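Okay, here's what each chain looks like letter by letter:
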Amino acid sequence: MTIRVRITPRCLIAVAVLAGGTAGCAAPVATGGSADGGVTVTQAPAAAAASQVDVVVSDTKGLAGPMTVATFQSTVKAGNVTFNVVNVGTIEHELVVLKTSAPFDKLPIADAGDPPAPVATGADKVSEDTNIGETGDPNLKTGDTRIFVIKNMKPGNYVLVCNIARHYGLGMRAALTVVP
């Protein structure tokens, strides 16, 4: 499998994913009208996959700077959805898909610990009660790629988050709408 990521000129170091090298840079931005935001996945297509979501998780300075979840499809069709996730950041990340009625950037940060458990103070995670799929363990190290399929996703609003402690609060969240 090959994944190529087209990055904006703000990137300080070129990214070579799965070719042996990795580096951290700012979140990619789609250019030239590309429908996939520059993430190209070459593999045998999943026969039952109805939709595909290409996601880049990133940071520039670990916990000392902003973090991003960049998805190049904000809307997909209901049914089987394949998530292609690549970590171009400098530290470990994950991707969790949560069903929600709240805006993607307004989830309450009310849990801490691993797995998330309610706390009175020091909250630094969001609840995973509505988790419908994720990259799983282990976390994605710099340069890692993970593909997972959520079967029979229903229409509605979802949020894609990295729920490692403090990452959601530092910007690792993106909205996804599933339509009939």
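Residues numbered from 1 in each chain as written. Predicted model: local features only at pLDDT ≥ 70, side-chain atom pairs only at ≥ 80, totals over all residues. Heavy atoms only, no water.

Attention now goes to the pairing of strand E7 (residues 96-99). Within a regular strand, the side chains alternate between the two sheet faces. As defined by bridge partners, E7 adjoins strand E11 (residues 131-134) across 3 bridges and the pair is classed as antiparallel. Opposite Leu98, over in E11, you have Asn131 as the bridge partner. Direction of pairing for E7 relative to strand E13 (residues 156-161): antiparallel, over a ladder of 4 bridges. Bridge assignment links Lys99 to a residue of E13, and that residue is Tyr158. (Pairing = 2+ DSSP bridges. Helix = DSSP H or I, 4+ residues; strand = E, 2+ residues; numbered from the N terminus.)

Moving on, we come to the nonpolar core. If you look at the biggest cluster of nonpolar residues, it comprises 23 residues, and the most contacted ones within it are Phe83, Leu95, Met153 and Leu160. Counting residues per element, the ones that place at least two in this core are strand E3 (51-59), strand E4 (67-71), strand E6 (79-87), strand E12 (145-153), E13 and strand E14 (173-179). In contact with Phe83, other than residues within four places in its own chain, are Val53, Leu95, Val97, Arg146, Ile147, Phe148, Ile150, Met153, Leu160 and Leu176. By size, the runner-up hydrophobic cluster in this structure holds 7 residues, among which are Leu107, Val126, Val161 and Tyr168. (Core = buried A, V, L, I, M, F, W, Y, C linked by side-chain atoms within 4.5 Å. Buried < 20%, exposed > 50% of the residue type's maximum accessible area, 1.4 Å probe, protein only. Contact = heavy atoms within 4.5 Å.)

A separate point is the sheet that holds strand E5 (residues 75-77). Taking strand neighbours across the sheet as the criterion, the 5 strands line up as E5-E14-E13-E7-E11 in an open arrangement whose pairing is mixed. One side of each edge strand has no neighbouring strand; the edge strands of this open sheet are E5 and E11. If you compare each strand with its neighbour and ignore which way they point, the axes differ by 30° on average. (Axes fitted to C-alpha atoms, helices over the stretch in contact; angles between N-to-C directions.)

Everything listed here is a matter of geometry and, on its own, says nothing about what the molecule does.
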